[in-house]
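# Observations on chain architecture
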Amino acid sequence: MTKTEPSVVLEPTPRSARGGFFRDLDWRRYVIYIGFVVVFIFFAVLLGNQGFLSPNNLLNILSQTATIAVIAVGMTFVISAAEIDLSVGSVAGLSSVTAAMTVSAFGLVPGILAGLLVGVVVGSINGALVSLLGIPSFLVTLGMLGVAAGTAQYITNSAPEPILDDTFNNLFGSGSIGPVPVLVIWAVVAVAVGAVVLGRTRYGRQVLATGGNRSAAQYTGIRTRRITFTVLLVSAVVASLAGMLYAGRLQSGRFQWGEGDELSAIAAVILGGTSLFGGAGTVVGTAFGALLIGLINNGLVLAGLDSSQQQIIRGAIIILAVALAKKK
Amino acid sequence: MTQAVNAVETRRISKSFGPVTVLTDVDFAVRQGEAHALAGGNGAGKSTLMKIIQGVYQPTSGEILIEGEPVSITSIQDAKAAGIGMVFQEFSLVPSLTVAQNIFLGVEPMRGGLVDDREGVRRARTVLQEMAVDIDPKAEVGRLGTAYWQLTEIAKALAQNARVLIMDEPTASLAKHETEALFALIERLKARGISIIYISHRMDEIYRVADRITVLRDGRTLFTSTLADTTPAEIVEGIVGKKIEGELTYRSREAAAASEVLLEVRDLNAGPRVRDVSFAVRAGEIVGLAGLMGSGRTELARALFGIDPIRSGEVLIRGEKANVSSPDRAIAAGLALIPEDRRDQGLVLDHSVRENLLLPLLGRIRRGPLLDLPAGRVLAQSLIERFGVKVAHPGRPVRLLSGGNQQKVVLAKWLGTDPSILILDEPTAGVDIGTKSEILDRIRGLADEGRAVLIISSEYPELLAVSDRVLVVRDGSIVEDLPRRDIADEESLQLAVQGVQS
């Protein structure tokens, strides 16, 4: 006697019960890790004697990936809740100039607070417009992308704002602890906190439920509007932190910092296995998505390709990876 | 009945998925112009058999005959070409397109390389006229009621010359008079020689529309019979594999007349539909809410649970005014609502059984700021066992479960919160009869534990089987409060709901 519906039988057999709540026990979920290893080995063999495997180059890849990885952690929450945040890149730019100007005028701590305040203000506006007025997050954050970028350019007259405070610069990106750049430490911390919050807290579970089925989440007593508000707030605050990482690394604030990062961050999130339609997300996957993009960028440069060729290959690899991870 | 040609016939069809055999030597034949009911419990193989006829699955062995000729159906296109049409349970229409555009979706009439919408409308009108239904082919589907969606689905199949229509629980989302209209349409289609395969759990409907019935059990054909020669009890017995006695008869419970009033509603006004509603439910009591679709019964449940805002009036729990202005506050006040649409409102379908079960209980499995995942697994497992959910693995998506098991997950999820007041909206919709009586039994058990239960159902036998008292809702107000012993039978409840004096 069978009580099994055929669709159940067609699915691959489940692996052990271990491995956390939100893993679908599906090899496609692991495409990003497989892809990462394959691309790494590919470059290691091909570019081994061009210095790809040198510790310096590997640390370099991590540093260059760090800022995107930080932004992508926030983006993972947004996309898991079935929203999108297109304003993160320009929030990073605005935060970098705001922090730079405030550091010059009032010193270190006010500068850091001012940078974060940019995220709080923009995130609250985004969140309120989406959760209270019900405007799609795509439109709200698309508009905010322009507003934040324009504001950053306007208040600086399009000029870079140098940061002369060494503490700021060392803290946010120029410094290193031992051999490890602080940028990498920031990214690791962001990923660790994000992974725990999304995977292991009540809030994370509620974000995923809201993204998976908003109406069922609401019937379950989850304040779905609050979830929408907070994911957009978190995303903007994290983006403002990323803006200060740019400012520290490049020792200046500039409206162009972070330009276009929203697309890299979204690509990292989706490559990492988070569903573009919400309901399923993993921060560790996102980190590997960001790393994979960084790895490809680095390898293509070492291989001597020019930027037009790099763009084509990078785009093709992203499409390929997402296609492999797709069901069916 | 004259010896008719079989419009579609399967001979000794077997189907296995890997090591699991789902169908074994199934013989199933539908005559031309016949309505043929197909019944069976969850997992009996109904949907697999239908998917084979529609070309979604290929049989492992056996053959399919269309009008007496063996055919090979290896794709949905083959099935359509052979004249098999499916009226989907979850409608497959594009809401932003018109009726005509939907009917000819993918097979649009063309002129000079462009879609000829005018011709589409003309041909759609012909099809709809043949069906004798009054729908404007130029109307946008999204603006029409669900009954019209279904008619559009049927028209879509007929426009592609379907000779056999498969209808899976077609009345699930229809009001009474819409159901009647559908039955009349089925009669007209039969008269035109079109065959209907009618899948339903509702005995009264099967007797209304079907000429013959085939019952599947455990992937085999149990019997095929004309309905004139078989009794409902035989069919039910065939489906569940054992005699169910009195599963839908009222069992007088120790009526909780003297016990504490748990829920009291005074002069409640909410949304557009709930007007001046007052009633009380005692601990241990099951109160039924009877009313037509759109009478305001679901809206009343939504208001009590904080989904729709309350305009005026008050809700008292254990005699004290309660704040139920949002679902989380209602839950905190001891309420639980099993919503009417489990797929849309009850479950996150892509999440696992375990995640769904734990969603309202996350506060209980915390260790500091983190969730205690091992404790969650234990809690989920205990709920699964307590409610007899049949699940291969609690980590699998709940989407893969049968309707009955999904409903058990929704029930278990809510009962995990140990609510003192339980509101159930259509708790057995689309559930097979075995699971149905199991769920009704659990509801009785929950009341026996001292909970107040409010149950909404369109199925009067079910309502009469469990309710100690029935409130009749009409136009958003409670018009009658009937103790169960004062309701003679289904018909008298029916009359009360319709507002007709008997």
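Please read all numbers here as calculations on a predicted model, not as lab measurements.

## Structural notes on the overall build of chain A
Each helix and strand in chain A was counted, giving 14 helices and four strands. With 328 residues in all, chain A has 51% of them scored as buried. Relative to all contacts within chain A whose residues are 6 or more apart in sequence, the contacts with residues 24 or more apart total 75%. Put simply, chain A shows about 14,200 Å² of open surface, and 67% of that area lies on carbon and sulfur atoms.

## Re the overall build of chain B
Assigned secondary structure in chain B consists of 17 helices and 24 strands. By the compact-globule yardstick of 23 Å for 502 residues, chain B fits well, its C-alpha radius of gyration being 24 Å. Principal-axis analysis of the C-alpha atoms places the extent of chain B at approximately 70 × 50 × 50 Å. Counting only residues that meet the buried cut, chain B has 56% of its 502 residues in that class. Long-range pairs, those at least 24 residues apart, make up 67% of the contacts in chain B with a sequence separation of at least 6. Accessible surface, chain B as shown: approximately 20,800 Å² in total, 48% of it carbon and sulfur. Averaging the coordinates of the 60 positive side-chain charges in chain B and doing the same for the 68 negative ones gives two points 4 Å apart.

## Regarding the sheet that holds strand E14 (residues 274–282) of chain B
Think of a sheet as strands paired side by side through backbone hydrogen bonds, with each pair either parallel or antiparallel. Residues and elements named next belong to chain B. Strand order in this open sheet of four strands is E14-E13-E16-E17, and the pairing throughout is antiparallel. Two strands in the sheet have a free side with no partner beyond their single neighbour: E14 and strand E17 (320–321). Taken together, the six bridges between strand E13 (residues 261–270) and strand E16 (residues 310–317) define a ladder with antiparallel strand orientation. Residue Leu263 lies in a different strand from E16, and its bridge partner there is Ile317. Together, E13, E14 and E16 form the strand contacts of helix H9 (residues 297–304), whose direction differs from that of E13 by roughly 110 degrees.

## So, the domain arrangement of chain B
Accessible area lost upon the coming together of the parts is a frequently used measure of interface size. Residues and elements named next belong to chain B. Domain parsing of chain B yields domain 1 (6–240), domain 2 (259–334 + 420–502) and domain 3 (342–418). Relative to domain 2, the C-alpha centre of domain 1 lies at a distance of 35 Å. Listed per partner, the contact involves eleven residues of domain 1 and nine residues of domain 2. For the domain 1 and domain 2 pair, buried surface summed over both sides reaches about 790 Å², with 64% attributable to carbon and sulfur atoms. In this assembly, domain 1 and domain 2 are joined by zero residue pairs in polar contact (both at pLDDT 80 or more). Per element, the largest residue contribution to the side of domain 1 that touches domain 2 is three residues, and it comes from helix H8 (residues 232–240). Residue composition of the side of domain 1 that touches domain 2, grouped by class: five nonpolar, four polar and two charged.

## Notes on the pairing of strand E10 (residues 195–199) of chain B
All names here are of chain B. Of all the five residues making up E10, five are buried; the element is thus mostly covered by neighbouring parts of the structure. Because side chains alternate across E10, one face comprises the buried residues Ser195, Ile197 and Ile199, and the other comprises Ile196 and Tyr198, equally buried. As defined by bridge partners, strand E3 (residues 35–39) adjoins E10 across four bridges and the pair is classed as parallel. Looking across to E10, one finds that Ala35 is bridged to Ile196. Note that strand E9 (residues 164–168) and E10 share five bridges and pair parallel. Looking at E10, one finds that Met167 is bridged to Tyr198.

## A few points about the pairing of strand E2 (residues 20–31) of chain B
All names here are of chain B. Two elements, strand E1 (residues 6–17) and E2, share eight bridges in a ladder whose sense is antiparallel. Bridged to Phe17 within E2 is Val20. A loop of two residues connects E1 with E2, the two strands running antiparallel in sequence, and Gly18 in this loop sits at a positive phi of about 60 degrees.

## As for a negative patch on the surface
Side chains of Asp204, Asp489, Glu490 and Glu491 of chain B sit close together on the surface and give a patch of like negative charge. Within the secondary structure, Glu490 of chain B is located in helix H17 (residues 490–498).

## Let's talk about the sheet that holds strand E23 (residues 469–474) of chain B
All names here are of chain B. One open sheet holds the six strands; their spatial order is E18-E21-E22-E15-E23-E24, and the pairing between them is mixed. Each of the sheet's edge strands pairs with one partner strand only, and the pair in question is strand E18 (335–338) and strand E24 (477–483). On average, adjacent strands in this sheet sit at an angle of 20 degrees to one another, irrespective of strand direction. Two elements, E23 and E24, share six bridges in a ladder whose sense is antiparallel. Bridged to Arg469 within E24 is Pro483. Packing of helix H14 (residues 403–415) onto the sheet brings it into contact with E18 and strand E21 (421–425), and relative to E18 it is tilted by some 175 degrees.

## Quick look at helix H9 (residues 202–212) of chain A
Counting buried positions over the eleven residues of H9 of chain A gives eight, a clear majority of the element. Inspection of H9 of chain A places Gly204, Arg205, Gln206, Val207, Leu208, Ala209, Thr210 and Gly211 of chain A among the buried residues, and these make up the whole buried set. Considering only its buried residues, H9 of chain A is in contact with helix H3 (55–80), helix H8 (182–200), helix H10 (214–219) and helix H11 (224–250) of chain A together with strand E20 (370–371) and helix H13 (373–386) of chain B.

## Quick word on the packing of H3 of chain A against H8 of chain A
Residues and elements named next belong to chain A. Where H3 meets H8, the closest approach of the two axes is 8 Å, and the angle between their N-to-C directions is 20 degrees. Classified by the interaxial angle, the pair formed by H3 and H8 is roughly parallel. The two elements H3 and H8 meet at a crossing, and its hand is left-handed. Contact residues: Leu62, Ser63, Ala66, Ala69, Val70, Val73, Thr76, Phe77 and Ser80 in H3; Leu183, Val184, Trp186, Ala187, Ala190, Val191, Gly194, Val197 and Leu198 in H8.

## Overview of the confidence of the model for chain A
In this model, chain A carries an average pLDDT of 87, and 90% of its residues clear a pLDDT of 70 or more. The low-confidence segment residues 1–25 of chain A, where pLDDT is below 50, has 56 contacts with residues more than four positions distant or belonging to other chains.

## Overview of a nonpolar patch on the surface
Residues and elements named next belong to chain A. The grouping of Leu132, Leu133, Ile135, Phe138, Leu139 and Leu142 at the surface amounts to a nonpolar patch, some 590 Å² of accessible area in total. Topologically, Phe138 is positioned in helix H6 (residues 137–155). On the accessibility criterion, Phe138 (46% relative accessible area) is partly exposed.

## Describing the environment of Gly212 of chain A
Locating Gly212 of chain A in the fold gives a position in helix H9. Placed 55 residues apart in sequence, Gly212 of chain A and Asn157 of chain A show a C-alpha to C-alpha distance of 44 Å. Filtering out sequence-adjacent residues up to four positions away, Gly212 of chain A remains in contact with Gly278 and Gly279 of chain A together with Val348 of chain B.

Criteria and cut-off values
Residues numbered from 1 in each chain as written. Chains lettered and ligands numbered in written order. Predicted model: local features only at pLDDT ≥ 70, side-chain atom pairs only at ≥ 80, totals over all residues. Heavy atoms only, no water. Helix = DSSP H or I, 4+ residues; strand = E, 2+ residues; numbered from the N terminus. Buried < 20%, exposed > 50% of the residue type's maximum accessible area, 1.4 Å probe, protein only. Contact = heavy atoms within 4.5 Å. Areas by Shrake-Rupley, 256 points an atom, 1.4 Å probe, with all protein chains shown as cover. Rg over C-alpha atoms; globule rule 2.2 N^0.38 Å. Lys, Arg positive; Asp, Glu negative; His and termini not counted. Charge placed at Lys NZ, Arg CZ, Asp CG, Glu CD. Pairing = 2+ DSSP bridges. Axes fitted to C-alpha atoms, helices over the stretch in contact; angles between N-to-C directions. Domains from an automatic or database assignment. Buried area = accessible area lost by both parts, 1.4 Å probe. Polar contact = N/O pair within 3.5 Å; in protein donor to acceptor, adjacent residues only side chain to side chain. Nonpolar A, V, L, I, M, F, W, Y, C, P; charged D, E, K, R; others polar. Patch = residues over 30% accessible without salt bridge, like charges linked within 9 Å, V, L, I, M, F, W, Y side chains within 5 Å. Salt bridge = Lys/Arg side-chain N within 4 Å of Asp/Glu carboxyl O. Parallel < 35°, antiparallel > 145°, perpendicular 65-115°, else oblique. Left-handed = near helix turned anticlockwise from the far one by under 90°. pLDDT = per-residue confidence, 0-100.

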